[in-house]
Amino acid sequence: MPEDLTAKPRILRDRAEVMRDELVWRQRIAAVMQDTPMTLPEIAAALGQPNDEVTIWVMGMRRYGLIEELPKSRADDYFRYELKHGSQGELNHGSH
Amino acid sequence: MKYDVMVVGGGIAGMEAGLTLGDMGFNVLMVEKKPSVGGRMILLSKVFPTLDCASCVSAPKMSATGNHPKVDLQVNSEVKDIRPQLDGTFKAKLVRKATFVDPAACTGCAKCETVCTVATPDHYNYDLAANRAIHIAFPQAVPKKAVITKEGSSPCSYACPAGVQTHGYVSLVRAGKYAEAFRLHMEDAPLPGSLSRACYAPCEGACTRGDLEGNLSIRAIKRFMVDRYYAEHPEPEYGIPEALRSDRIAIVGSGPAGLSAAYFLARKGYPVTLFESDPEAGGMLRHGLPPYRLPREIVDRDIKNITALGVEIKTGTPIGSLEQIQQQGYAATFLAVGTLAGQGLEVQGRDLEGVVDAMDFLSGTYQGKPSAAAAGQRVVVVGGGNVAIDAARVALRQGARQVSMVYRRTRAEMPAHRAEIADALSEGIALQELRAPAGFVGQGGKVVAARWQEMRLGAPDASGRRRPEPVPGHIKEEPADLIILAIGLAPSTGPFAGLGLDLDGTFAVDQESLATAVPGVFAGGDAATGPGMIIAAIAQGKRAAFYIERFLNGESLQGVTFDARLPVVSHDTVLARAEGPRSARPKTKVPELPVETRVRSMVEVEQPLTEDQARAEASRCLDCGVCSECHQCVEACPAGAIHFDQREVEAEIEVGSVLVATGFDLFDARKKPTYGFGSSANIITATQMDRILAPTRPYNSVIRPSDGKAPANIAYVLCTGSRDCTVGNSLCSRVCCMYSIKQAQLIMGSLPLADVTIYSIDIRAYGKGYDEFYEQAQGMGVRFIKGRVAKIEPTADDNVIVTYEDINGKVGVQKAEHDLVVLSVGLSANPEAFGLMIAPGLARDPYNYVLEPDEDLEPGRTSIPGVFVAGTAAGVRDIPDTVLHSGAAAAQVAAYLRRNSSRTAAALAGRP
Ligand SMILES: Cc1cc2nc3c(=O)[nH]c(=O)nc-3n(C[C@H](O)[C@H](O)[C@H](O)COP(=O)(O)OP(=O)(O)OC[C@H]3O[C@@H](n4cnc5c(N)ncnc54)[C@H](O)[C@@H]3O)c2cc1C
Ligand code: SF4
Ligand code: SF4
């Protein structure tokens with residue numbers, strides 16, 4: 001496909017707003033990677049959300065113990081991430 | 001409190017000087033405004049040129065600072081002012097900020113962080129990643145204690161009369177924690193179902209998002225949370241608490257005020273009896289509010305929240321006097337009898353059949369009384385308040401032939417809520433403005449017509465609204481079958497008049513404690529305030545419960561604070577926080593039944609939000625106060641360390657000398673717009689890159705922020721904000737060349753396949769081993785291009801184009817594409833140092849650093865005797881130079897203290 005020469009860079013949203021959204025998106029992120037480890041662009045594509053925002057959300061989830069990375073070889077551009085064993089408790093909110 | 005020296009700032013300069021002085025035996029007070037010492041250095045990856053790990057070098061100093069017997073470390077503290085004294089010493093005011101965590105109890109386990117529902121930019125990672133409202137600054141923090149970022153009460157929570165943590169349950173719903181949201185609400189108010197349907201929601205009016213696309217639909221969020229919880233919990237989760245108290249309490253009236261007082265007292269273990277004259281409990285909730293706004297099964301379920309605690313409700317039991325209660329031996333009484341009577345109207349025909357009071361009409365309808373039958377009738381409602389609207393809409397739903405409302409002013413002055421008026425009109429209710437009843441005409445004792453006086457608006461009255469005046473000679477008669485008078489409600493205080501009533505018939509009570517003139521008897525709710533709203537009545541019940549408990553404990557009702565909320569944060573403060581554009585997030589429209597369907601039954605008009613809608617609406621929240629007080633951390637903390645009643649503390653101290661070590665500021669890359677900072681996730685600053693390279697990095701590896709790719713082609717742009725008159729800083733920042741080379745070497749170590757290019761005016765590598773370090777980088781393959789960068793722009797595929805001039809290559813202006821660009825931002829002066837002193841102020845040098853009048857021979861001395869400076873507060877310098885300068889400053893302090901103490905001793909001994 002020819003490159004779209006008119007494509008413009010996306011305007012970044014206020015970072016604090018993106019970060020606030022992590023709390024909403026994390027269950028959906030967990031849902032799409034339930035069965036297979038995924039790279040950040042794959043997760044973003046599955047959710048239809050921008051790569052950079054998904055990066056912030058997944059890194060937040062990683063920091064608080066819900067997600068971890070798999071080892072990557074030097075030749076790979078991207079890490080794959082998977083749900084951490086035992087993270088379901090914190091993610092399975094919504095019904096009690 | 002007395003110290004030999006106060007060190008302001010706990011970075012490497014402050015720590016070094018403080019430890020040196022402590023080792024010399026001086027008593028040192030170290031004041032750091034952040035939660036940990038360590039300054040900027042602890043956030044670095046490694047240090048040049050040795051490539052020693054920055055944490056390994058700073059951590060021992062940090063821990064020594066925290067443990068030194070002569071160093072009193074006060075973190076989260078700020079110096080308000082420093083006042084020089086005639087004897088060469090200083091007095092100072094210190095403020096310890098509230099962190100809402102007891103440092104003595106906190107063990108640093110970080111369990112709180114994982115449950116917190118508010119994500120905020122992590123300033124320790126230079127905003128690359130999110131942390132939480134409660135957080136431990138960074139893994140090596142000294143002291144390693146959690147702190148809560150809380151800038152004040154959020155406007156929504158502050159606006160709630162009952163102190164419901166609105167922001168708290170909104171943030172819990174956003175996080176999908178619905179049951180937790182419900183339980184949080186129950187901490188502050190017991191009738192969440194009724195409130196979710198019928199609260200007038202002052203929180204929504206205060207919501208900061210109202211300044212943008214529209215306030216959050218907070219009540220709809222609450223409804224979602226309540227519906228979900230009640231569906232899963234048909235019965236309360238708790239039972240009767242342990243009977244801790246023997247004092248029995250009587251409450252008269254089972255409306256929101258009475259129920260709320262009963263709930264809070266029963267939770268404390270008091271046996272409570274509620275007396276209600278009606279056959280069912282609920283007060284206005286049952287007899288006033290129409291079921292299309294508040295379904296009765298919701299009221300029933302709400303009341304279970306109170307009865308589950310063992311509260312006994314005696315319905316059908318009117319109390320005719322105070323004595324009737326007192327004879328039964330209750331230790332305290334709360335009168336919450338409401339305003340269920342209509343205001344009298346002196347007009348001809350008032351007593352005709354078919355002329356009814358609105359409250360009688362509404363409750364009669366719910367009880368199926370014939371006097372309230374409106375089906376097939378021509379109904380006129382007199383009044384412009386919310387009760388009038390309810391009556392008109394109920395008459396319509398009964399099947400009235402036609403319904404109109406008559407109001408003596410115009411729609412603009414109607415006290416009813418705008419949305420309610422609009423809903424009523426949309427249902428086909430007619431509004432007759434500028435009309436007042438002049439009399440009702442009867443036939444055979446039954447009303448058949450009404451005579452209406454035409455009005456006009458005159459001068460404003462005491463309420464500020466224009467006073468309606470009759471237009472002489474303009475009276476019209478129109479047929480009517482049912483006239484409903486909704487011209488105001490009167491307190492049902494008659495049986496208790498002996499307690500003392502105000503002119504409007506409400507109870508005369510102490511506004512703070514709600515105590516009446518009779519000890520042990522309290523009164524509240526609408527009966528004390530006049531007609532109000534559900535949440536205000538709940539607030540009164542809660543307040544009464546607080547003071548009744550004090551009364552029963554024999555404690556004073558005076559001089560205590562019942563409601564100690566933090567001051568509210570302003571909308572401007574919240575909105576000013578945004579650094580980039582916010583996405584437009586229009587308010588979710590709360591679904592309603594279509595008019596054709598709803599006007600035929602009492603079915604609820606408002607429909608619930610779906611789960612996705614509720615969470616999307618909650619995610620519009622701006623986290624105004626930052627911490628939402630969702631209390632998840634309180635539950636999670638095994639040490640019980642979190643206390644929301646903690647407040648800022650001020651202390652006055654005396655010190656022999658002052659050492660300023662407040663460090664530097666970083667150049668804000670946004671001030672150089674041609675460099676594109678903020679336009680791409682892949683244009684970052686070197687401070688951010690140092691975090692990405694540090695072992696405690698915010699990511700799992702060295703990856704680029706746009707998509708997690710291992711960068712393959714990285715550029716450094718030196719002198720961003722230094723040696724640049726266009727941004728007002730002609731100084732060289734001294735460290736940028738070297739830290740960029742350091743980072744380039746580290747990148748080559750962790751990403752051996754990556755290309756690194758450094759764009760510079762020239763490389764300044766002076767100091768021991770620095771030039772060798774530069775050459776080593778060249779040997780590793782780092783490309784150095786001499787030439788100033790003109791422009792940096794993102795591409796649509798997340799790469800970045802750098803436009804530069806290649807001076808050495810003599811090829812003129814060039815463009816290069818990189819997948820990550822690092823701006824080597826310069827250092828600038830931290831103006832905070834100048835706010836410390838009350839006259840005389842510290843002198844500054846031409847670049848706004850603290851002036852050392854004799855820098856070459858007396859480093860560390862400032863323009864004020866007894867005040868010294870160390871590190872980058874006095875000028876740009878790297879870590880080795882900072883440490884050296886701090887040593888010199890410490891020596892100056894020691895000499896001053898010795899000199900001054902011998903001078904003072906001499907003065908005391910009368911020697912010259
Ligand atoms: C990206 C980057 C990389 C760098 N890399 C290197 C390197 O590899 N090697 C090297 O030698 N140097 C490096 N530097 C420079 C180094 O960071 C500084 O030399 C050093 O941190 C200066 O220490 P300081 O104590 O003077 O200031 P800071 O580290 O800024 O500490 C000042 C402290 O004072 C506190 N404070 C400020 N105002 C108040 C107040 N009013 N009340 C109480 N507390 C207050 C602050 O919170 C802070 O904790 C780098 C700098 C940058 C920007
Ligand atoms: S109360 Fe809630 S929002 Fe506030 S710090 Fe605790 S967990 Fe976070
Ligand atoms: S934006 Fe959120 S915290 Fe702020 S007032 Fe509205 S609901 Fe409350």
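Presented here is a report on the structure given in the accompanying data block.

## Digging into the interface of chain B and chain A
Then step 1. Taken residue by residue, the interface counts 62 residues in chain B and 43 residues in chain A.
Then step 2. Regarding the contact of chain B and chain A, the summed buried area is about 4,200 Å², with carbon and sulfur atoms giving 52% of it.
Then step 3. When the buried area of chain B at its contact with chain A is split by residue, B:Arg132, B:Asn700 and B:Asp707 rank highest and sum to 13% of it.
Then step 4. Connecting chain B to chain A are three salt bridges.
Then step 5. A:Glu22 is the partner of B:Arg132 in a salt bridge, and the nearest nitrogen-oxygen pair spans 2.6 Å.
Then step 6. Remark: the boundary between chain B and chain A carries 18 residue pairs in polar contact (both at pLDDT 80 or more).

## A few points about the site of ligand 1
Residues and elements named next belong to chain B.
Then step 1. Taken together, 36 residues surround ligand 1, and among them Glu32, Arg40, Lys742, Thr872 and Ile879 come closest.
Then step 2. Within the backbone of isoleucine 12, an N or O atom sits 3.2 Å from an oxygen atom of ligand 1.
Then step 3. Between ligand 1 and phenylalanine 48 there is a distance of 3.2 Å, counted from an oxygen atom to a backbone nitrogen or oxygen.
Then step 4. In isolation ligand 1 exposes 1,000 Å². Once the protein is present, 97% of that is buried.
Then step 5. Among the elements of the structure, α1 (12-23), β3 (46-47), β28 (664-666), α23 (686-693), α24 (736-750) and α26 (879-908) are those that each provide at least two residues to the shell around ligand 1.
Then step 6. Residues belonging to the shell around ligand 1 are distributed by class as follows: 15 nonpolar, 11 polar and 10 charged.

## Some points on the sheet that holds strand β20 (residues 430-432) of chain B
Residue and element names in this part refer to chain B.
Then step 1. Within the open sheet, the five strands sit side by side as β17-β24-β18-β19-β20. Their pairing is parallel. Of all the strands in the sheet, the pair left with one neighbour each is β17 (355-357) and β20. When strand polarity is set aside, the average angle formed by the axes of neighbouring strands in this sheet is 25°.
Then step 2. Bridging between β17 and strand β24 (residues 482-485) involves three bridges; their strand directions are parallel.

## Side note on the site of ligand 3
Then step 1. The full set of residues close to ligand 3 is B:Ser154, B:Pro155, B:Cys156, B:His167, B:Cys207, B:Thr208, B:Leu216, B:Ile218, B:Cys621, B:Leu622 and B:Cys624.
Then step 2. For the shell around ligand 3, a count of residues per class yields eight nonpolar, three polar and no charged.

## A short note on the sheet that holds strand β35 (residues 812-818) of chain B
Residue and element names in this part refer to chain B.
Then step 1. Taken in spatial order, the three strands line up as β33-β34-β35 in an open sheet, and their pairing is antiparallel. The sheet is open, and its two borders are formed by β33 (789-794) and β35, each paired with just one other strand. Mean inter-strand twist for the sheet, computed between neighbouring axes without regard to direction, equals 20°.
Then step 2. Taken together, the five bridges between β33 and strand β34 (residues 800-806) define a ladder with antiparallel strand orientation. What sits directly across from proline 794, in β34, is valine 800.

## A word on the side chain of B:His185
Then step 1. When you line up the elements, B:His185 lands in helix α6 (residues 178-188).
Then step 2. A relative accessible area of 1% places B:His185 in the buried class.

## Let's talk about the pattern of salt bridges
Then step 1. Applying the stated criterion across every chain, the model contains 63 salt bridges over all chains.
Then step 2. We note a salt bridge from B:Glu654 to B:Lys2, for which the minimum N-O separation is 3.7 Å. Pair noted here: B:Glu654 is in strand β27 (residues 649-660) and B:Lys2 is in strand β1 (residues 2-8), with a separation of 652 residues, a long-range link.
Then step 3. Between B:Lys709 and B:Asp819 there is a salt bridge, and its shortest N-O distance comes to 2.9 Å. Pair noted here: B:Lys709 is in the loop between α23 and β30 (713-720) and B:Asp819 is in the loop between β35 and β36 (820-825), with a separation of 110 residues, a long-range link.
Then step 4. A relative accessible area of 15% places B:Lys709 in the buried class.
Then step 5. Salt bridges linked by common partners bring A:Arg10, A:Arg13, A:Glu17, A:Asp21, A:Asp52, A:Glu53 and B:Arg585 together as one network.

## Here's the deal with the packing of aromatic side chains
Residue and element names in this part refer to chain B.
Then step 1. In the structure shown here, the tally under the stated rule is 18 aromatic pairs over all chains.
Then step 2. With a centroid separation of 4.9 Å and an interplanar angle of 85°, the aromatic rings of tyrosine 178 and phenylalanine 224 are classed as edge-to-face. One end of the pair, tyrosine 178, is in helix α6; the other, phenylalanine 224, is in helix α9 (residues 218-232), with 46 residues separating them in the sequence.
Then step 3. Classification of tyrosine 178 as buried rests on a relative accessible area of 1%.
Then step 4. Relative accessible area serves as the criterion here: at 6%, phenylalanine 224 is assigned to the buried category.
Then step 5. With a centroid separation of 4.9 Å and an interplanar angle of 85°, the aromatic rings of phenylalanine 546 and tyrosine 547 are classed as edge-to-face.
Then step 6. One aromatic cluster in this structure is built from Phe182, Tyr229 and Tyr230.

## Describing the nonpolar core
Residues and elements named next belong to chain B.
Then step 1. In terms of nonpolar packing, the biggest core is built from 97 residues, with Val173, Ile251, Phe334, Phe496, Phe507 and Ile548 touching the most fellow members.
Then step 2. Broken down by element, the residue count for this core peaks at 10 residues, all from helix α18 (residues 534-552).
Then step 3. Core analysis: the second largest hydrophobic core is formed by 87 residues, Phe667, Ala710, Ile741 and Leu820 among them.

The rules we used
- Position numbers for residues start from 1 in each chain and track the written sequence from start to end.
- The naming scheme follows written order: chains are lettered A onward, ligands numbered 1 onward.
- Local features in this predicted model are restricted to residues of pLDDT 70 or higher, and side-chain atom pairs are both shown and tallied only at a pLDDT of 80 or more, whereas totals for entire chains, interfaces and linings draw on every residue.
- Side-chain measures were taken over the full set of non-hydrogen atoms in the model, leaving aside hydrogen atoms and water.
- Contact definition: two residues touch when any of their heavy atoms are within 4.5 Å.
- Note: buried area is the sum, over both parts, of the accessible area (probe 1.4 Å) each one loses when the two are combined.
- One side-chain nitrogen of Lys or Arg within 4 Å of one carboxyl oxygen of Asp or Glu is enough to make a salt bridge.
- Contacts described as polar in this section are N or O atom pairs within 3.5 Å, which, within protein, must combine one atom able to donate a hydrogen with one able to accept it, while residues neighboring in sequence count only if both atoms come from side chains.
- Neighbouring residues are identified by heavy atoms, a residue being near a molecule or strand if any of them is within 4 Å of it.
- Areas reported here follow the Shrake-Rupley algorithm with a probe of radius 1.4 Å; residue values treat only the protein chains shown as occluding.
- Each helix is a run of DSSP H or I of at least 4 residues and each strand a run of E of at least 2, with the numbering of both proceeding from the N terminus.
- All residues other than Ala, Val, Leu, Ile, Met, Phe, Trp, Tyr, Cys, Pro, Asp, Glu, Lys and Arg, Gly among them, are scored as polar; the first ten of these are nonpolar and the last four charged.
- The rule for pairing is simple: two strands pair if DSSP sees at least two bridges between them.
- Under this scheme, a helix contributes an axis fitted over its contacting stretch, all axes are lines through C-alpha atoms, and angles between N-to-C directions fall in the 0 to 180 degree range.
- Here the term buried applies to any residue with accessible area under 20% of the maximum for its type, exposed to any over 50%, and partly exposed to those in between, with areas from a 1.4 Å probe on protein chains only.
- Only rings of Phe, Tyr and Trp enter the pairing, Trp through its six-membered ring, and a pair is recorded when the two centres are within 6.5 Å. The plane angle decides the type: under 30 degrees is stacked, over 60 is edge-to-face, the rest tilted.
- Among buried residues, those of type Ala, Val, Leu, Ile, Met, Phe, Trp, Tyr and Cys that are joined through side-chain atoms within 4.5 Å constitute a nonpolar core.

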